[in-house]
Amino acid sequence: WLGAESVADKDEIKEVTTRFQLDLQRLIKATAGVTGQTITIKATITEGKTVSPVLNVVTTVLLFVPVDRGGAVVELQAVDQAGKVVAAMMYRYSGEIMEFGANFSKTAQIQVATQRAAERFANLLADK
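Undergrad: Got a minute to help me understand the environment of Ala-102 in this structure?
TA: The residue Ala-102 is located in the loop between β3 (85-94) and α3 (108-126) in this model. A C-alpha to C-alpha distance of 8.3 Å links Ala-102 and Arg-69, two positions 33 residues apart in sequence. Excluding residues that lie within four positions of it along the chain, Ala-102 makes contacts with Val-51, Ala-108, Gln-109 and Val-112.

Undergrad: Can you walk me through the layout of surface pockets in this structure?
TA: Any space left empty among the atoms is revealed by the rolling of a water-sized probe across them. Size it by volume and the second largest pocket reaches roughly 240 Å³. Lining the second largest pocket we find Trp-1, Thr-17, Phe-20, Gln-21, Leu-24, Gln-25, Ile-28, Lys-29, Ile-41, Ala-43, Thr-44 and Ile-45. Residue assignment for the lining of the second largest pocket shows that the elements contributing at least two residues are α1 (10-31) and β1 (39-49). Considering each element in turn, the lining of the second largest pocket owes the most residues, seven residues, to α1. Broken down by class, the residue content of the lining of the second largest pocket amounts to seven nonpolar, four polar and one charged.

Undergrad: Would you mind going over the nonpolar core with me for this structure?
TA: The nonpolar side chains of a soluble globular protein tend to be buried with one another. Judged by nonpolar contacts, the single largest core of 27 residues is most densely connected at Trp-1, Phe-20, Leu-24, Ile-45, Leu-76 and Phe-121. Contributions of two or more residues to this core are made by α1, β2 (71-80), β3 and α3. Among the elements that take part in this core, α3 stands out by supplying nine residues, more than any other. The residues contacting Phe-121, other than those within four sequence positions of it, are Leu-24, Ile-28, Ile-41, Leu-76, Gln-77, Ala-78, Ala-87, Ala-88 and Met-89.

Undergrad: Would you mind showing me how to read the pairing of β3 here?
TA: Side-chain positions along a regular strand alternate between the two faces of the sheet. As defined by bridge partners, β2 adjoins β3 across nine bridges and the pair is classed as antiparallel. Across the sheet, residue Val-74 finds its bridge partner in β3, namely Tyr-91. Hairpin connection, β2 to β3: the antiparallel pair is bridged by four residues, and Gly-83 has positive phi, about 90°.

About the criteria used
- Residues numbered from 1 in each chain as written.
- Predicted model: local features only at pLDDT ≥ 70, side-chain atom pairs only at ≥ 80, totals over all residues.
- Heavy atoms only, no water.
- Helix = DSSP H or I, 4+ residues; strand = E, 2+ residues; numbered from the N terminus.
- Contact = heavy atoms within 4.5 Å.
- 1 Å grid on protein atoms, 1.4 Å probe; cavity = no way out; pocket = protein on both sides within 12 Å on 5 of 7 lines; lining within 4 Å.
- Points joined across faces, edges and corners; volume = space filled by probe spheres on them.
- Nonpolar A, V, L, I, M, F, W, Y, C, P; charged D, E, K, R; others polar.
- Core = buried A, V, L, I, M, F, W, Y, C linked by side-chain atoms within 4.5 Å.
- Buried < 20%, exposed > 50% of the residue type's maximum accessible area, 1.4 Å probe, protein only.
- Pairing = 2+ DSSP bridges.

In structure tokens:
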């Protein structure tokens, strides 16, 4: 996670990146065909915007809607043993009001973004 120190502490960074890694592994195994090919996945959270839970509590009480929504940009790449890029993707996510509960946790919107990116990348690989 590039530049994470400016938006999250070490424990939060570890939690988000570990969950992202586990989601990627689970989803890619679930959608992978039996090709016999070994690939390496390179994944980076290039931008992560945390949420201010306190601000969102206040604005929800006053305006009936959280205003700080967070989000992330995730870049993924699959490379085969020869170093050839098999698949690549960038996913940008800005927090949504519909993800209401995630608007009250500092890193939840980033986790929503990484999970959705992992799902889309697994589907992209399954189509290869």
